[in-house]
Amino acid sequence: MRVHSPNGAELDSRPPQERQGQDTAEIDPRGRRLLGGVVALGVLVRLIFLALSGELELWADEAHYVQLAAMWSRFGFYMGSPGHLWPPIYPAFLSLFLSWFGEHGITAAKVCQVLLCGIVGASIVLLAHRLFSYRAALVAGLLWAGYLPLIAYSHLLWPETLFLCFLLPAVYLFTTLLGSELSPRQIRVRLVAVGALLGLAILTKEAALPLPVLFGLLLIGSRSRDSLGLRTIRAALLVLSTVVVVLPWTFRNAEVYGRWVVGGSTLGKNMHWGVNAKYINFDYTGSGMERIEASEGPFRRWLLEPPPDSVWPQSRAANLIDRSNENVHRGLGFARAYPEFYLRTRVKRLADWVTPLSFFDRHYRRRLYQGRLDLIGVRRTLIGLSVLSTMLVMAAALPGLFWVLPGGTHRILLAIVFLAFLVPVAIIAMSRYRVPVEPLMLVLAAGFFASAGKWRGPRRWEWAAVISGWVALVGLWLVNAKEVWIELAPFF
Amino acid sequence: MSLEDIRRRLGADLMLLVCLCALVGLEVFAWRVAHRDESELDRAAVSGSAEERVWALHILLNRGEPPQRDQSFVEGLVAAEEALVRELAMTSIVRRHVGRSVQRQVQAEISGPGELLRGRYYMKRHGRPIKRSFLRDYFRSLED
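A short tour of the structure in this document, coming up. Position numbers for residues start from 1 in each chain and track the written sequence from start to end. Chain labels run from A onward and ligand labels from 1 onward, assigned in the order the entries are written. Local features are withheld for residues below a pLDDT of 70 in this predicted model, meaning they are given only at 70 or higher, and side-chain atom pairs are given and counted only at 80 or more; totals for whole chains, interfaces and linings count all residues. Note: side-chain values were computed over all heavy atoms of the structure, leaving out hydrogens and water.

1. Observations concerning the overall build of chain A
Alright, step 1. Helix and strand content of chain A: 21 helices and zero strands.
Alright, step 2. Over its C-alpha atoms chain A spans a radius of gyration of 23 Å, differing by no more than 12% from the 23 Å that the globule rule assigns to 492 residues.
Alright, step 3. By its C-alpha atoms, chain A is 65 × 50 × 50 Å across when sized along the principal axes.
Alright, step 4. Looking at the 492 residues of chain A, the share that counts as buried comes to 60%.
Alright, step 5. What sets the accessible areas is the Shrake-Rupley method with a 1.4 Å probe; for residues, cover comes only from the shown protein chains. Put simply, chain A shows about 18900 Å² of open surface, and 66% of that area lies on carbon and sulfur atoms. Under the DSSP-based scheme used, a helix requires at least four consecutive residues in state H or I and a strand at least two consecutive residues in state E, with every element numbered from the N terminus. The quantity called the radius of gyration is restricted to C-alpha atoms. Its globule counterpart is 2.2 Å times the number of residues to the power 0.38. Remark: exposure states derive from per-residue accessible area (1.4 Å probe, protein chains only) relative to the maximum for the residue type, with buried under 20%, exposed over 50%, and partly exposed in between.

Pasting the structure below:
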């Protein structure tokens, strides 16, 4: 068994197929301490940002989450809101802290979020070690520690941090199930753990809903010495573990709304915003959007030019779920009626998904950060760092995926997770929808940086995939370049 | 046949699968036991304790039940809604933070069960997202 030294000097020379499946047991104690130190550094950085951000004003959904939590804390049940059916875990999380700490509950919840980021950091480090090398794990940890778009969610009241705390350990544990030598008992325990974690992820953000089924299919289709029957039973174990976690919430929805809803019900509202004649993007500020529209060029006009009189109104059905379903029907009808407009706007939505903006700089653009964080030098540096690091990580993730990561089940797994969170582009997009895969981008980018040009000899199609990916990425950045500059310019 | 015999025959994976299926079955059973039908909800909304009224009202509002019930039921709902507003200690806070016009609108909606049952009053009542200062006042009002 190879032991990796913390100086990372010895890149593993084994063939990639053999390298996959490394465990932390292979790292010597000093190496483990160093990786732990990197994760602790990331948590410390987030604590400093929490302290510097002070008592941030609640913004948009943050206020709605707090309201839901306050009502839950008061009455002991989830009252819901008239506009959305959001999954319950994040309001429950906030509600706990409001119950325990009253008006200081929000600060306490944020401190807890920062500490939970340790799980996110540890998962990133472990995943990078498993997929690549010790050096990649170190680089991934350092990238994560200073990655501002993710740091922001540790002191904002959006469920992203909690969601990643469930999603990333599930993805990491699932990689250990693919091709490693675990005992049958260990496999069963990990299958149940992955299923349960995915269930909790669904109860935090319903975007994770397809993952248990996709993971199950991947288990069935994976290369393994086990029989097809056994692989199918194991896939069923994973999916059923998710079902056990999610089912009580589904029954609650049947009780409260008289309708069957598995995760949440936000699709209809998103359809109204994203598959409609008017362009809406929550990454932009109101004043920024006005400036963007005032200086609109012919390309943007062509991209977003709506068919005349085509705005469709929201349903006014009394029941929230019926309203959402009706909105989905209207959105689909709209896409069918104007397919050319729909496809044009999907290019824009894809550009919005890969935009270098994030909620970190949006908070600056909305002038919500005060005090030391708003000193002009600090602001310029941090916004610049946030934008550049986002672009760098996205660009480096591509060769990490195709040139460094060996082909096979792990690559398929990552591709599945990426696709699952890219699919919402068919409806709506903004930087926040990219957050679930940004940690994976960090891992892949770290794999690329740590390999230092020692790639495993990519095949021609893998070269082509990366080059065309870069061309597409640059093209999509150019689509939004003017808008991004209009948004950011006043803050430099 | 002992549990160990069953485990050996089925194999540990299949055994675990059966256990999970049983757990799902238990959840279905628990839901059926906890399920409240319309008449129970009506009863709770009209004559239950303050908590029961709030709970029943919340379900009826979310279901979007049409107002086809008798007068006593409607009065019960209105009372429950008033209790809800009082319980949330928001009446005075709403006035301070959202303004009197919205407050009057809320009062009007409380007396109009049709609007009430559409469940859209929450948004109108708050008018805009709550602020940190709102939350501070809310918790202090609970302490009072």
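Alright, that's what it looks like, and here's the rest.
2. Re the packing of helix α18 (residues 376-404) of chain A against helix α21 (residues 460-488) of chain A
Residues and elements named next belong to chain A.
Alright, step 1. Their axes nearest at 9 Å, the elements α18 and α21 cross at an angle of 165°. When the axis of α18 is compared with that of α21, the two are roughly antiparallel. Seen from above, α18 lies across α21 with right-handed handedness. Listed contacts from α21 to Ile-383, Val-387, Met-391, Met-394, Ala-395, Leu-398, Pro-399, Phe-402 and Trp-403 of α18 are Trp-461, Glu-462, Trp-463, Ala-465, Val-466, Gly-469, Trp-470, Leu-473, Trp-477 and Leu-488.
Alright, step 2. Charged residues are taken to be Asp, Glu, Lys and Arg, nonpolar residues to be Ala, Val, Leu, Ile, Met, Phe, Trp, Tyr, Cys and Pro, and polar residues to be all remaining types, Gly included. When grouped by side-chain class, the residues that make up the contact of α18 with α21 number 17 nonpolar, one polar and one charged. For helices, the axis comes from a line fit to the C-alpha atoms of the stretch in contact; other axes are also lines fit to C-alpha atoms, and the angle between any two N-to-C directions lies between 0 and 180 degrees. To sort the angles, those under 35 degrees are grouped as roughly parallel, those over 145 as roughly antiparallel, those from 65 to 115 as roughly perpendicular, and the leftovers as oblique. By convention the crossing between two helices is left-handed if the near helix lies anticlockwise of the far one by an angle smaller than a right angle, and right-handed if it lies clockwise. Pairs of residues are marked as contacts when any of their non-hydrogen atoms sit within 4.5 Å.

3. A few points about the packing of aromatic side chains
Residue and element names in this part refer to chain A.
Alright, step 1. Each Phe, Tyr or Trp ring (for Trp, its six-membered ring) is paired with any other whose centre lies within 6.5 Å, and the angle between the two planes then decides the class: stacked below 30 degrees, edge-to-face above 60, tilted in between. Per the stated rule, a full pass over the model turns up 28 aromatic pairs over all chains.
Alright, step 2. Between Phe-448 and Phe-449, the ring centres sit 5.8 Å apart and the planes meet at 50°, which makes this aromatic pair tilted.
Alright, step 3. Here a set of aromatic residues connected by ring pairs shows up, and it is made of Tyr-65, Trp-86, Tyr-90, Phe-93, Phe-97, Trp-100 and Phe-101.
Alright, step 4. Any Lys NZ or Arg CZ found within 6 Å of a ring centre and within 35 degrees of that ring's normal is scored as a charge over the ring. The lysine or arginine in question, Arg-46, covers the ring of Trp-144, its NZ or CZ lying 4.0 Å from the ring centre.
Alright, step 5. Directly above the ring of Trp-302 sits Arg-344, whose terminal nitrogen or CZ lies 5.7 Å from the centroid.

4. Description of the packing of helix α8 (residues 160-177) of chain A against helix α19 (residues 409-422) of chain A
All names here are of chain A.
Alright, step 1. Relative orientation of the contacting elements α8 and α19 amounts to 155°, with a least axis distance of 10 Å. Overall, the two elements α8 and α19 adopt an arrangement that is roughly antiparallel. Note on packing geometry: the crossing formed by α8 with α19 is right-handed. Contacts between α8 and α19 involve Phe-163, Leu-167, Val-171, Phe-174 and Thr-175 on the former and, on the latter, His-410, Leu-413, Val-417 and Phe-421.
Alright, step 2. In terms of residue class, the contact of α8 with α19 is made up of seven nonpolar, two polar and no charged.

5. Quick notes on the environment of Pro-308 of chain A
Residues and elements named next belong to chain A.
Alright, step 1. Here Pro-308 shows up in the loop between α14 (298-304) and α15 (320-337).
Alright, step 2. Residue classification places Pro-308 among the exposed positions, given a relative accessible area of 68%.
Alright, step 3. Counting along the chain gives 216 residues from Pro-308 to Ala-92, while the straight-line C-alpha distance between them is 44 Å.

6. Remarks on the side chain of Arg-231 of chain A
Residue and element names in this part refer to chain A.
Alright, step 1. Relative to the helices and strands, Arg-231 is located in helix α11 (residues 228-257).
Alright, step 2. This count recognises Lys and Arg as positive and Asp and Glu as negative, with His and chain-terminal groups excluded. By convention in these notes, a salt bridge is any Lys or Arg side-chain nitrogen within 4 Å of a carboxyl oxygen on Asp or Glu. The side chain of Arg-231 is buried and forms no salt bridge, while Asp-226, the nearest opposite charge, is found at 6.2 Å.
Alright, step 3. A polar side-chain atom of Arg-231 sits 3.0 Å from the main-chain carbonyl oxygen of Ser-222.
Alright, step 4. Under this definition, polar contacts are N or O atom pairs within 3.5 Å; protein pairs additionally need one hydrogen-donor-capable and one acceptor-capable atom, and for neighbouring residues in sequence, both atoms have to be side-chain atoms. Separated by 3.3 Å, the side chain of Arg-231 and the backbone oxygen of Asp-226 make a polar contact.
Alright, step 5. Beyond its immediate stretch of four places on either side in the chain, Arg-231 contacts Leu-219, Ile-220, Gly-221, Ser-222, Ser-224 and Asp-226.

7. Remarks on the nonpolar core
Alright, step 1. Within the largest apolar cluster, 177 residues are counted, with the highest numbers of intra-cluster contacts made by Leu-94, Trp-144, Phe-174, Val-194 and Phe-215 of chain A.
Alright, step 2. Looking at this core, the element that brings in the most residues is α8 of chain A, giving 13 residues. Nonpolar cores are built from buried Ala, Val, Leu, Ile, Met, Phe, Trp, Tyr and Cys residues. Side-chain atoms within 4.5 Å join them into one set.

8. Considering α8 of chain A
All names here are of chain A.
Alright, step 1. The terminal C-alpha atoms of α8, which comprises 18 residues, lie 25 Å apart, in line with the 26 Å expected from a rise of 1.5 Å per residue.
Alright, step 2. A large share of α8 lies buried, amounting to 18 of its 18 residues.
Alright, step 3. Directly beyond the C-terminal end of α8, a positive phi value near 80° is found at Gly-179. To estimate the expected span of a helix, count its residues, drop one, and scale the result by 1.5 Å.

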